[in-house]
Amino acid sequence: MTVDHAPPFAPPDISPLPDVESLTPARAPGRGPSVPRWLRRGVGPVLLLVLWQSCSATGVLPADVLASPGTIARAAGELVGDGTLPTAMGVSLRRVAVGLLLGGVAGIALALVSGLSRLGEDLVDAPVQMLRTVPWVGLIPLFIIWLGIGEAPKVALIALGVAFHLYLNVYAGIRGVDARLVEAGESLGLGRWGLVRHVILPGALPGAMTGLRYSLATAWLALVFGESINADAGIGFLMNQAREFFRTDVIVVCLVVYAFLGLLADALVRTLERLLLQWRPTFTGQ
């Protein structure tokens, strides 16, 4: 009787690998190279400027209603050339910086007192919430009566708007810290100030950054109103002068400067967020 034995080792069946090029998805027919995103984002503003210039050149948009982009560019060059615009920007930046510093210190201090202590919340939160509902722009007459018509009411108006935004966001950030993180810190032997330093304040930092961005936007808005209070320098002063002489080109230049300074401040806060919140990965879009 004959018994067939299978070979002790059978070589594996090695089939040829597919071509690498065959695995690469082919580009859709008729589809050209992808356009850079920065170029796509710039198409809209360029088309708007072209339409604006065309309407001004054809008389559809009269110059006394809104100056053309070319006229605005020439006005900006003249203001920069004679030093008027840089001087006005320096004055306005100083007002915003002082107001932001004073309002930031007050808002963060009140938020820490209210957020870290129940007694502090009972004493601080209710009055702040009541004052927050009052339109801060409506306080301009009182500021003029209390502080005069110099720099003080302008800075106070900016500081007031900044303080409310920082208070709300820092307070919400403190109270939004996960209680399990606090319990974990206590189990590791952290005392009260250790918890505040290593758990609560880092957890509240994202809310503080959000509050800072809102505060900067409010600071520029408050500056516009503040510089209408008997200002003799600053971007708002230029706008008031231009309004009296119907210089729409100068008004638009000042508005563009306000927008540019606001975008620059927002970019600085975004950079600060990336530096301070590296431990907090977030979704950045697809």
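Residues numbered from 1 in each chain as written. Predicted model: local features only at pLDDT ≥ 70, side-chain atom pairs only at ≥ 80, totals over all residues. Heavy atoms only, no water.

Draft legend 1. Looking closely at the nonpolar core. One finds Ile-158, Trp-220, Ile-235 and Val-253 to be the most contacted residues of the largest nonpolar core, which totals 36 residues. Mapped onto this core, the elements with two or more residues apiece are helix H3 (69-81), helix H4 (84-116), helix H6 (140-147), helix H7 (151-175), helix H9 (192-226), helix H10 (235-244) and helix H11 (248-276). When residues of this core are assigned to their parent elements, the largest contribution, 9 residues, is made by H11. With sequence-adjacent residues up to four places away left out, Ile-235 is seen in contact with Ala-88, Met-89, Ser-92, Glu-227, Cys-254, Val-257, Tyr-258 and Leu-261. Within the second largest apolar cluster, 15 residues are counted, among which are Val-170, Val-199, Ile-200 and Ala-204. (Core = buried A, V, L, I, M, F, W, Y, C linked by side-chain atoms within 4.5 Å. Buried < 20%, exposed > 50% of the residue type's maximum accessible area, 1.4 Å probe, protein only. Helix = DSSP H or I, 4+ residues; strand = E, 2+ residues; numbered from the N terminus. Contact = heavy atoms within 4.5 Å.)

Draft legend 2. Molecular detail of the confidence of the model for the protein chain. Per-residue confidence for the protein chain gives a mean pLDDT of 80; residues scoring 70 or more make up 85%. Per-element confidence in the protein chain is highest for H4, whose mean pLDDT is 90, and lowest for helix H1 (residues 20-23), whose mean pLDDT is 48. Low pLDDT, under 50, characterises residues 20-24; the stretch is placed with 0 contacts to residues that sit more than four places away or in other chains. (pLDDT = per-residue confidence, 0-100.)

Draft legend 3. A look at the packing of aromatic side chains. Under the definition given, this model contains 2 aromatic pairs. With a centroid separation of 5.8 Å and 10 degrees between ring planes, the pair formed by Tyr-167 and Tyr-171 is classed as stacked. Separated by 4 residues within a single helix, Tyr-167 and Tyr-171 lie in helix H7, roughly one turn from each other. (Phe/Tyr/Trp six-rings, centres within 6.5 Å; stacked < 30°, edge-to-face > 60°.)

Draft legend 4. Molecular detail of the side chain of Thr-218. Mapped onto the fold, Thr-218 is located in helix H9. Among the residues examined, Thr-218 registers a relative accessible area of 9% and is labelled buried. For Thr-218, the residues in contact, after removing those within four places along its chain, are Trp-136, Gly-161 and His-165.

Draft legend 5. Structural detail: H3. End to end, H3 covers 18 Å across 13 residues, agreeing with the expected 18 Å (1.5 Å per residue, within 8%). The set of residues buried in H3 consists of Pro-69, Ile-72, Ala-75 and Leu-79. Across the axial projection of H3, the buried residues extend over an arc of 120 degrees, all falling on one side. In H3, those exposed residues whose orientation departs by more than 90 degrees from the buried face are Ala-73, Arg-74, Glu-78 and Gly-81. Directly after H3, the chain includes Gly-83, whose backbone phi takes a positive value near 85 degrees. (Expected span 1.5 Å × (residues − 1). Arc of directions from axis to C-beta.)

Draft legend 6. Representation of the pattern of salt bridges in the model. The full count for this structure, using the stated rule, is 6 salt bridges. Of the charged contacts in the structure, one is a salt bridge between Asp-266 and Arg-213, with a shortest N-O distance of 3.0 Å. Pair noted here: Asp-266 is in helix H11 and Arg-213 is in helix H9, with a separation of 53 residues, a long-range link. With relative accessibility at 26%, the residue Arg-213 sits in the partly exposed group. Close ionic contact of Arg-270 with Asp-266 constitutes a salt bridge, the shortest N to O distance being 3.0 Å. With a gap of 4 residues between them, Arg-270 and Asp-266 both fall in helix H11, about one helical turn apart. What makes Arg-270 partly exposed here is its relative accessible area of 41%. (Salt bridge = Lys/Arg side-chain N within 4 Å of Asp/Glu carboxyl O.)

Draft legend 7. The arrangement of unusual backbone geometry in detail. Look at Phe-246: it is not a glycine, yet its phi comes out positive at around 55 degrees. By the secondary structure assignment, Phe-246 is in the loop between H10 and H11. By relative accessible area, Phe-246 is classed as exposed at 70%.

Draft legend 8. Region of interest: the packing of H4 against H9. Across the interface, H4 lies against H9 with an axial gap of 10 Å and an inter-helix angle of 145 degrees. As for how H4 packs across H9, the hand of that crossing is right-handed. Residues Ser-92, Leu-93, Arg-95, Val-96, Leu-100, Leu-112 and Leu-116 of H4 pack against Arg-192, Val-196, Ile-200, Leu-201, Ser-215, Leu-216, Ala-219, Trp-220 and Leu-223 of H9. Residues belonging to the contact of H4 with H9 are distributed by class as follows: 12 nonpolar, 2 polar and 2 charged. (Axes fitted to C-alpha atoms, helices over the stretch in contact; angles between N-to-C directions. Left-handed = near helix turned anticlockwise from the far one by under 90°. Nonpolar A, V, L, I, M, F, W, Y, C, P; charged D, E, K, R; others polar.)

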